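# Inside the fold
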Amino acid sequence: MSNLNDTLEKRALLEAVNLALHRAMQEDENVVVLGEDVGVNGGVFRATLGLRDRFGFKRVIDTPLAETMIAGLAVGMAAQGLKPVMEIQFLGFIYAAMEHLVSHASRIRCRTRGRLSCPMVLRSPMGAGIRAPEHHSESTEALFAHIPGLRVVIPSSPARAYGLLLSAIDDPDPVIFLEPTRLYRMNPQPIIDDGRRLPLDTCFTLREGSDITLISWGASVHETLQAARMLEERGVSAEVIDVASIKPLDLDTLEASVRKTGRCVIVHEAPRSCGVGAEIAASLYERALLDLQAPIQRVTAPDIPPPLYRLEQLYIPSPEDVLAACELVLNYA
Amino acid sequence: MSNRIELPYTRFLDPEGRLVGELPAWGDDFNLLTDLYRRMVLTRLFDQKAVALQRTGRIGTYAPTLGQEAIGVAIGSLLRDDDVLVPYYRDTAVQLMRGVRMEEILLYWGGDERGSDFQDPRSKEDFPICVPIATQSLHACGVATAIKIRGQHRAVVTTCGDGATSKGDFLEALNVAGAWQLPVVFVVNNNQWAISVPRRIQSGAPTLAQKAIGAGFHGEQVDGNDVLAVYDRVQWALDRARHGKGPVLLECISYRLGDHTTADDATRYRDADEVKAAWQEEPIKRLQAFLAASEAWDEGREQALIADCQRQVQAAVDNFENAGTQPVEAVLDHVYARWPAALGDQREMLMERVARREEGRGHE
Ligand SMILES: Cc1ncc(C[n+]2csc(CCOP(=O)(O)OP(=O)(O)O)c2C)c(N)n1
C-alpha cells in the first residue's frame with residue numbers, strides 16, 4: 001500500500017478540493033459551479049482551476065458580483081434538480097447570502113413536506129493566518145451550525161477535503177463546506193482519485209490516547225496535533241479527534257472518547273462566546289458528567305473581530321496555548 | 001428596441017492632452033491645474049512604493065490605484081472639510097487629499113488598525129475604507145440622511161467599482177437616495193474589471209450611470225482619465241447636493257492598469273494588448289501634455305516635483321516602519337466601549353498567550 005502511495009502525486013487541501021470538483025462534475029452533469037471569478041481565473045485561490053476548460057461556460061459560471069444573488073440563484077437551481085456548488089470568495093462576505101441560506105435553502109424541504117429540496121453546496125475559504133486583509137479571516141461556523149436544515153462541514157486534511165466534498169455534493173440538503181485557508185497549501189498528502197466518499201456525520205479520530213481527549217476541527221487541528229506530540233514527549237497520551245462535521249455533530253464518538261480518558265480540551269479558532277466548543281462541552285456534560293475528572297477547557301480566539309494581520313497570530317490558538325489548557329485539566333485535583 | 005438611455009458624457013482632454021471641449025471658468029487657473037497634476041503624481045509614486053513594500057513583505061495585500069488617480073484627486077480637491085467621504089479600498093488618492101497620512105494608509109495595509117484612526121480633522125468623520133463590496137453605498141446614504149434631518153449644507157461622496165454596482169446594497173442605496181433626495185454623490189470607478197470578471201458580465205445595461213434613472217435621479221458618464229472632466233462634474237454634483245437638490249451618479253470610465261491587488265495576477269485573464277491600449281489613455285500623461293503645451297509645465301518642474309514626492313513618500317515609509325506594533329491589549333480595547341465584565345478576563349488570556357509566545361521564542 002505504501003508503495004502505491006509513494007507513486008501517487010501528493011496534493012494539498014486546495015488541490016484536493018479541485019480534484020473533487022472535477023470528479024463530481026464528471027460523474028454528474030447536474031453539478032454546476034458558480035461564483036465570483038470561478039471561471040477564467042479558476043477562483044482567487046485557484047480551487048476551481050481548469051473546470052471551465054473542461055466543463056464549459058454553462059456549468060462553470062462567473063456571476064455578477066452579488067452574494068445575495070448567488071445564494072438566491074442556487075436555491076432556484078437546486079429546486080430544479082441541479083446541484084449548484086457555489087463559491088463565496090471569503091467567509092467574511094457571506095452575510096449578504098445569509099438571508100437565502102436561513103430563510104430559504106435550509107427550510108424549503110421542510111416547508112414543502114419534501115416536494116422541493118435544496119441540494120446545494122456553499123464552499124468558502126475560512127480562517128486567519130495568511131496575512132489577508134480585513135473580512136478575509138473569519139471563522140463563523142457557529143452561525144450556520146445554529147440553523148436547522150443546514151449541514152456544516154470543515155475538512156482539515158487533503159484526503160478529508162476530497163472525500164467530504166464529494167459527499168457534500170451528493171447530499172440532498174444544503175451543505176456549508178468551509179475550507180481553512182491556512183491549510184490550503186500545507187502538508188500535501190497522496191490522494192487516490194477514486195471518488196471514495198467520506199461520511200458527513202462522523203468525527204475522525206486522528207490519534208488514539210488514554211489520558212486526555214483533544215477535540216478540534218479545521219485549521220486548529222494542526223496546532224492540536226502539535227500539542228498532542230508535545231504531550232507525548234511528556235509521557236501523556238492524548239487522543240485527538242477532528243470533528244469535521246460540525247453539524248450534525250457525532251457526539252457518540254466524542255462521548256466514548258471522553259468516557260475513556262476522563263479529560264477534555266476543545267480547540268477552535270472562532271471566538272469563544274456561543275462557539276461550537278460550547279455546544280460540544282454542554283453535550284458532553286449532559287452525557288458523561290460523572291466520567292469527567294476535570295472541567296472541560298476551551299482554547300479559542302477571544303471575543304473580538306479577527307485583528308488585522310500584525311496581531312492575528314495572537315488570535316489563533318497556538319500549540320502552547322493548547323498545552324497550557326491541557327496542563328490545567330491534567331493537574332486538576 | 002433599445003435599452004440605451006441617452007446620458008451626458010464629459011471629456012475636455014483627449015488622450016494626447018488636446019482640448020476637445022471648452023473648459024469652464026476655472027480652466028485658466030493654472031495653479032489649480034498644476035495642483036491637480038502634482039496630486040496625481042504624488043498618488044502614483046506613493047502607490048508604486050506601496051506595491052514595492054508589499055513585494056518585499058513589509059506590508060500585506062494592497063490594492064493599487066494605478067490609472068485611476070484622476071478620479072480620486074478630482075473628488076479630493078472638491079470635498080470640503082465638513083463633507084464626508086465614504087470610500088472603498090481603491091481610494092488612496094482621495095484619502096491622501098483628505099489629509100489621511102501616507103503612514104496611516106501603510107499602517108492599514110500593513111495589518112495595523114491604527115491606520116484607520118485618521119488624525120487629520122478633515123477626515124475625522126470619513127469612513128474607513130470598505131472591503132465588503134458596495135456596503136458603503138448604504139452607509140453613505142445614512143450619513144446623508146443625518147445631514148438632511150439636521151438641515152445642513154454638506155454633502156457625502158461615496159465611491160465604488162463597476163462590480164459593486166451589481167450588488168443589492170448599491171441598488172438599494174440608489175433607491176433610497178432617489179426617494180429621499182439625499183445629498184449624496186455616487187462615483188462609480190468603472191475600471192472595466194471586477195477581479196477577473198469584465199464589465200459586460202456584470203450588467204446588461206449599456207451604461208452604469210443609467211441605473212440612477214430607475215431610482216429617479218440624474219446619472220451621467222465622465223471620462224475618468226480626464227481629471228478636468230471629473231473635476232467639473234464632481235463640482236457640479238457636490239454643489240447640487242449641498243443645496244438640497246438631491247443625489248447624482250457619476251460613472252467615471254477608466255481602466256485598472258495594475259493587478260486587482262498584489263495577491264492577483266491580471267495576466268491570467270486579461271489581454272496584454274488591451275492593457276497596452278489602456279496605457280495610451282492614462283490620466284497623468286494626458287494632463288502633463290496639456291500643461292506643457294500651455295507652458296505651465298516643463299522638465300525642470302517635473303524633476304523637482306518627483307524629487308519632492310519621493311522625499312514625502314520616503315519620510316512616510318520611515319514613519320510607518322518606526323511606528324512599532326500596537327500593545328496587545330489594543331485588540332480588546334475598542335471591541336466594546338467598555339469590555340463587558342460578563343465576558344471574563346480575556347485580557348488575561350491574551351497576556352498569557354503573549355508570555356507563552358515570548359517563552360517559545362526564547363527557546364529558539
Ligand atoms: C461582498 C464582497 N464580495 C466579494 C469580495 C471580494 N472582492 C474584492 S474586490 C472584488 C472585485 C470588485 O470589483 P469592482 O467593484 O469593480 O472594484 P475594483 O476592485 O475593480 O475597483 C471582489 C470580488 C468582497 N470584497 N466583498
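Bear in mind the structure is a predicted one, so any value in this text is a computation, not a measurement. (Residues numbered from 1 in each chain as written. Chains lettered and ligands numbered in written order. Predicted model: local features only at pLDDT ≥ 70, side-chain atom pairs only at ≥ 80, totals over all residues. Heavy atoms only, no water.)

### With respect to unusual backbone geometry
Residues and elements named next belong to chain A.
- Cis geometry marks the peptide bond from Lys247 to Pro248; its omega dihedral reads -5°.
- The residue Pro248 is located in the loop between β12 (245-247) and α10 (251-261) in this model.
- For His135, which is not glycine, the phi torsion reads 65° and is therefore positive.
- Take His135: it is sitting in the loop between β5 (121-126) and α7 (141-145). (Helix = DSSP H or I, 4+ residues; strand = E, 2+ residues; numbered from the N terminus.)

### Here's the deal with the UniProt feature "domain: Transketolase-like pyrimidine-binding" (unreviewed entry) in chain A
- On the UniProt side, "domain: Transketolase-like pyrimidine-binding" (unreviewed entry) is annotated at positions that read residues 11-186 of chain A here.
- Within residues 11-186 of chain A, the helical portion is 38% and the strand portion 16%, while the C-alpha atoms at the span's ends are 9 Å from each other. (UniProt positions renumbered as here; feature names shortened; annotations may be inferred.)

### Considerations on the packing of helix α1 (residues 30-55) of chain B against helix α11 (residues 283-293) of chain B
Residues and elements named next belong to chain B.
- Relative to each other, α1 and α11 sit at 150°, their axes nearing to 10 Å. One way to sum up the angle between α1 and α11 is to call them roughly antiparallel. The handedness of the crossing between α1 and α11 comes out as left-handed. Residue-level inspection shows Phe30, Leu33, Thr34, Leu36, Tyr37, Met40, Val41 and Arg44 of α1 in contact with α11, the latter providing Pro283, Ile284, Leu287, Gln288, Phe290 and Leu291.
- Partitioning the contact of α1 with α11 into residue classes produces 11 nonpolar, 2 polar and 1 charged. (Axes fitted to C-alpha atoms, helices over the stretch in contact; angles between N-to-C directions. Parallel < 35°, antiparallel > 145°, perpendicular 65-115°, else oblique. Left-handed = near helix turned anticlockwise from the far one by under 90°. Contact = heavy atoms within 4.5 Å. Nonpolar A, V, L, I, M, F, W, Y, C, P; charged D, E, K, R; others polar.)

### Observations concerning a nonpolar patch on the surface
- On the surface, A:Tyr285, A:Leu289 and A:Leu290 cluster together to form a nonpolar patch covering roughly 350 Å² of accessible area.
- Residue class for A:Tyr285 comes out partly exposed when judged on its relative accessible area of 32%. (Patch = residues over 30% accessible without salt bridge, like charges linked within 9 Å, V, L, I, M, F, W, Y side chains within 5 Å. Areas by Shrake-Rupley, 256 points an atom, 1.4 Å probe, with all protein chains shown as cover. Salt bridge = Lys/Arg side-chain N within 4 Å of Asp/Glu carboxyl O. Buried < 20%, exposed > 50% of the residue type's maximum accessible area, 1.4 Å probe, protein only.)

### Some thoughts on the domain arrangement of chain A
Residues and elements named next belong to chain A.
- Each assigned domain of chain A is listed with its residue range as follows: domain 1 (2-190) and domain 2 (204-330).
- A C-alpha centroid distance of 26 Å is found between domain 1 and domain 2.
- Between domain 1 and domain 2, the contact holds 29 residues from the first and 28 residues from the second.
- Between domain 1 and domain 2 lies a buried interface of about 2200 Å² when both sides are counted; carbon and sulfur atoms form 57% of it.
- When the area that domain 1 buries against domain 2 is broken down by residue, the three leading residues are Arg131, Arg160 and Arg182, summing to 25%. (Domains from an automatic or database assignment. Buried area = accessible area lost by both parts, 1.4 Å probe.)

### Here's the deal with the pattern of salt bridges
- Going through the model one piece at a time under the given rule, you end up with 49 salt bridges over all chains.
- Taking the shortest distance from any N to any O, the salt bridge between A:Asp321 and B:Arg356 comes out at 2.7 Å. Of the two residues, A:Asp321 is situated in helix α13 (residues 319-330) and B:Arg356 in helix α14 (residues 346-363); the pairing between them involves two chains. Like B:Arg356, A:Asp321 is buried.
- The salt bridge involving B:Asp112 is made with B:Arg114; its shortest N-O contact spans 2.7 Å.
- Residue B:Asp112 is classed as buried on the basis of its relative accessible area of 1%.
- Residues joined in a network through salt bridges with shared partners are A:Arg23, A:Glu27, A:Asp170, A:Asp193 and A:Arg197.

### Details of α10(A)
Residues and elements named next belong to chain A.
- Those residues of α10 lying buried are Leu251, Leu254, Glu255, Ser257, Val258 and Thr261. For α10, the angular spread of buried residues about the axis comes to 165°, placing them on one side.
- In this structure, the buried side of α10 is in contact with β10 (212-216), β11 (238-242), β13 (264-271) and α11 (276-288).
- In the stretch just after α10, Gly262 is the one whose phi turns positive, near 80°. (Arc of directions from axis to C-beta.)

### A word on the domain arrangement of chain B
- Domain boundaries assigned for chain B yield domain 1 (9-323) and domain 2 (328-362).
- With centres defined by C-alpha atoms, the gap from domain 1 of chain B to domain 2 of chain B works out at 38 Å.

### Focus: the sheet that holds β10(A)
All names here are of chain A.
- With mixed pairing, the 5 strands of this open sheet are ordered in space as β9-β11-β10-β13-β14. Among the strands making up the open sheet, the edge pair consists of β9 (204-207) and β14 (297-301). Within the sheet, the average angular offset between the axes of one strand and its neighbour, ignoring direction, is 25°.
- Where β10 and β13 come together, 4 bridges link them in parallel fashion. Bridging from a neighbouring strand, Ile215 pairs with Ile266 of β13.
- Contacts from helix α9 (residues 220-233) reach β9, β10, β11 and β13, with the element oriented near 165° to β10. (Pairing = 2+ DSSP bridges.)

### Notes on the side chain of B:Asp169
- In this structure, B:Asp169 sits in helix α6 (residues 168-180).
- Those residues in contact with B:Asp169 that lie beyond four places of it in its chain are B:Ala134, B:Thr135, B:Ser137 and B:Leu138.

### Let's talk about the nonpolar core
- Core analysis: the largest hydrophobic core is formed by 111 residues, its most contacted members being A:Leu165, B:Trp109, B:Leu228 and B:Leu287.
- Residue contributions to this core peak at 12 residues, all from α1(B).
- In this structure B:Leu228 touches B:Phe12, B:Leu13, B:Leu23, B:Trp26, B:Leu33, B:Leu36, B:Leu287 and B:Phe290, once residues within four positions along its chain are discounted.
- Formed by 46 residues, the second largest nonpolar core is a distinct cluster that contains A:Ile88, A:Leu150, A:Ile176 and A:Ile266. (Core = buried A, V, L, I, M, F, W, Y, C linked by side-chain atoms within 4.5 Å.)

### Some details on the environment of B:Cys309
Residues and elements named next belong to chain B.
- Locating Cys309 in the fold gives a position in helix α12 (residues 299-321).
- A relative accessible area of 2% places Cys309 in the buried class.
- Residues contacting Cys309, with those up to four places away along its chain left out, are Val41, Leu42 and Leu45.

### Details of the interface of chain A and chain B
- Counting from both sides, the interface comprises 44 residues of chain A and, opposite them, 46 residues of chain B.
- Looking only at chain A, the three residues that lose the most surface to chain B are A:Leu65, A:Arg310 and A:Leu314, adding up to 21% of its buried area.
- Taken together, the links from chain A to chain B amount to 5 salt bridges.
- Two residues, B:Arg353 and A:Asp321, come together in a salt bridge whose shortest N-O distance is 3.3 Å.
- Inspection of the region where chain A meets chain B yields 21 residue pairs in polar contact (both at pLDDT 80 or more).
- Elements supplying a minimum of two residues to the side of chain A that touches chain B: β14, α12 (312-315) and α13 of chain A.
- Across the side of chain A that touches chain B, the residue classes tally to 23 nonpolar, 10 polar and 11 charged. (Polar contact = N/O pair within 3.5 Å; in protein donor to acceptor, adjacent residues only side chain to side chain.)

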